[in-house]
Amino acid sequence: MSGRLWTDDFKLEAGTILVKKTGHRIVPDLALAHSIFIWFCFYFFVQNWRTWRLITGHKRPTMAFYPDKPRPWYFIWSVMHVSGAKLVDDISTADIVMQFDDSTETDCAMPAVKPGAKLLNFGCTDISKSRVAAAFEAASGETLAVDPTTFAGRMVEKSELNAAHDGRILEGPLDEPVEGKTYQRLIDNEIPGGLVEDLRCCLVGGSPVVVFRKRRPLERRFLNENVQVLLDEPRNCYTQEEIKIIERFAAEIGLDWGGVDVLRDRASGKIFIVDANKTDMGPPVALKLGAKLRATRRMARAFAEKFASKKR
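Computed from a predicted structure; not experimentally measured. (Residues numbered from 1 in each chain as written. Predicted model: local features only at pLDDT ≥ 70, side-chain atom pairs only at ≥ 80, totals over all residues. Heavy atoms only, no water.)

### Thoughts on a nonpolar patch on the surface
Note the following rule: Residues enter a patch when their relative accessible area is above 30% and they make no salt bridge; the linking distance is 9 Å between like charges and 5 Å between nonpolar side chains (Val, Leu, Ile, Met, Phe, Trp, Tyr). Note on areas: Shrake-Rupley with a 1.4 Å probe; residue coverage comes only from the protein chains shown. A pairing counts as a salt bridge when a side-chain nitrogen of Lys or Arg comes within 4 Å of a carboxyl oxygen of Asp or Glu. Helix and strand definitions here come from DSSP, where helices need a minimum of 4 consecutive H or I residues and strands a minimum of 2 consecutive E residues; each element is numbered from the N-terminal end.
Side chains of F44, F45 and L289 sit close together on the surface and give an oily, nonpolar patch of about 260 Å² of accessible area. Secondary-structure assignment places F44 in helix α1 (residues 30–56).

The structure is reproduced here in structure tokens:
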């Protein structure tokens, strides 16, 4: 991700698009073309915001990323520009420095920064599914991970890696668990209409700011193919105690900025955090353009208040 051209991030290989940083593959089809078109519509408006910030010329805090820089399809890119922060290359002069690495586990030395610089996500070094489950248990007291060799009932097998979307439901106990996989209890997040709902919660300073209600067919519950996405507010989706659980989870895992996937169990009514992402893309493609812009403004406002107030 250090190259100047966006195309440096990808490689055509065996009829698929390989994402070099993560190793994931994307199938080039009409659905992908549609997603790219929708994103460019959103990108057009963000660029207008960015141009206005340049024209106004007011003093802004500077921001740098390490070890990689985010491309425009990452949520932090648009939020940074809308909030008024200015991207700089020299990390040692930046007012805000954010660790930005798509890898599941990050092991990079702290860069040299100036005194008083605000550091984001440098405490978030592991977002594997096992680490997420452990952090959620510490924050809530609820157990998500299971021992597949002794657990009796339906459970989810998924990769430890970030953004793999390879979950599958199995019946336990298992004789031979798969190496490199993690096993968790199945959370029944089905809603009327034969859909499941993920409550994607976006955090600024470790606190929820916006929620995307992401809905997809039950039979495709583990794929990132939403048929509907609605913008909502944390207070409408969680109780005050649940918001505290999310904040405790973020503190436990070191997540100052990012997104967490929250599922509400239909039987118990309890929430479970099943995934965390420190380099989340967004807003979701299926979200309407007007809602995309509102979500970006809300996140930018919160980001400015927490990290990027105007320099005097």
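### Section: the packing of aromatic side chains
Selection criterion: Here a pair means two rings of Phe, Tyr or Trp (six-membered ring of Trp) with centres within 6.5 Å. Their orientation is stacked below 30 degrees between planes, edge-to-face above 60, and tilted elsewhere. To sort residues, take the accessible area from a 1.4 Å probe on protein chains only and compare it with the maximum for the residue type: under 20% means buried, over 50% means exposed, and anything in between is partly exposed. Geometrically, a charge over a ring is one whose NZ (Lys) or CZ (Arg) sits within 6 Å of the ring centre while staying within 35 degrees of the ring normal.
What the rule picks out here adds up to eight aromatic pairs. Summarising the aromatic geometry, the rings of Y74 and F100 are spaced 4.9 Å apart at their centres and angled 90 degrees between planes, so their arrangement reads as edge-to-face. Taken together, the residues Y74 in the loop between β4 (62–67) and α2 (75–83) and F100 in strand β6 (residues 96–100) connect sequence positions 26 residues apart. Residue classification places Y74 among the buried residues on the basis of a relative accessible area of 5%. For F100, a relative accessible area of 1% puts it in the buried group. An angle of 45 degrees between the planes, with centres 5.6 Å apart, marks the rings of F136 and F272 as tilted. Linking F136 in helix α3 (residues 129–140) with F272 in strand β16 (residues 271–277), this pair joins segments that are 136 residues apart in sequence. F272 shares its class with F136; the two are buried. Through successive ring pairs, a cluster of aromatic residues spans F75, F212, W257, F303 and F307. Its guanidinium or amino end placed over the ring of F222, R221 lies 5.9 Å from that ring's centre, counting from NZ or CZ.

### Quick word on helix α5 (residues 240–253)
An α-helical segment advances 3.6 residues per turn. Residues three or four places apart therefore align on the same side. Note the cut-off: The length a helix should cover is 1.5 Å for every residue beyond the first. Taking the helix axis as origin, the arc is that swept by the directions to the C-beta atoms. By definition in these notes, contact holds between two residues if any of their heavy atoms fall within 4.5 Å.
Compared with the 20 Å implied by 1.5 Å per residue over 14 residues, the 20 Å span of α5 between its first and last C-alpha is a close match. Buried within α5 we find E242, I243, I245, I246, F249, A250 and I253. Along the axis of α5, the buried residues cluster in a sector spanning 155 degrees; they form a single face. Residues Q240 and A251 are exposed on α5 and point more than 90 degrees away from its buried face. The elements touched by buried residues of α5 are α3, β12 (195–204), β13 (207–217), α4 (234–237), β15 (257–264) and β16. Following α5 by one or two positions, G254 has its phi on the positive side, about 80 degrees.

### A look at the packing of α3 against α5
What counts, and what does not: For helices, the fitted line uses only the C-alpha atoms of the stretch in contact; every axis is such a line through C-alpha atoms, and the angle between N-to-C directions lies from 0 to 180 degrees. Here the angle decides the label: under 35 degrees means roughly parallel, over 145 means roughly antiparallel, 65 to 115 means roughly perpendicular, and every other value means oblique. By convention, the crossing between two helices is left-handed when the near helix turns anticlockwise from the far helix through less than a right angle, and right-handed when the turn is clockwise.
Packing of α3 against α5 brings their axes to within 8 Å, and their N-to-C directions diverge by 130 degrees. Classified by the angle between their axes, α3 and α5 sit oblique to one another. Judged by the twist between their axes, the crossing of α3 over α5 is right-handed. When α3 is examined against α5, the residues R131, V132, A135, F136, A138, A139 and S140 are found in contact with a partner set consisting of I245, R248, F249, E252 and I253.

### Section: the sheet that holds strand β10 (residues 181–185)
Operational definition: A pair of strands is labelled paired if DSSP reports no fewer than 2 bridges between them.
Ordered in space as β9-β8-β10, the three strands form an open sheet in which the pairing is antiparallel. Each of the sheet's edge strands pairs with one partner strand only, and the pair in question is β9 (168–172) and β10. Strand-to-strand twist in this sheet, taken as the mean axis angle between neighbours without regard to direction, amounts to 40 degrees. Pairing geometry for strand β8 (residues 153–159) and β10, over five bridges, is antiparallel. Bridge pairing in β10 links S159 to K181. Contacts from α3 reach β8 and β10, with the element oriented near 35 degrees to β10.

### Some remarks on the pairing of β16
Within a regular strand, the side chains alternate between the two sheet faces. Most of β16 is tucked away: seven of the seven residues are buried. Note that β15 and β16 share six bridges and pair antiparallel. What sits directly across from L263, in β16, is F272. From the end of β15 to the start of β16, which pair antiparallel, there are six residues, and G269 there has a positive phi angle of about 80 degrees.

### Some points on the packing of α2 against helix α6 (residues 289–306)
Where α2 meets α6, the axes come as close as 8 Å, and the angle between the chain directions of the two elements is 65 degrees. It follows from the interaxial angle that α2 and α6 lie roughly perpendicular. Where α2 crosses over α6, the handedness of that crossing is right-handed. In this structure, α2 contributes F75, I76, S78, V79, V82 and S83 to the contact, and α6 contributes A295, T296, M299, A300, F303 and A304.

### Observations concerning the pattern of salt bridges
Summed over all chains, the structure comprises 18 salt bridges. Ionic pairing is found between E142 and K270, a salt bridge with its closest N-O pair at 2.8 Å. You can see E142 sitting in the loop between α3 and β8 and its partner K270 sitting in the loop between β15 and β16, a full 128 residues away along the chain. Look at the salt bridges and you will find they share partners, linking E197, R213, R215 and D232 into a network.

These figures capture arrangement, not role.
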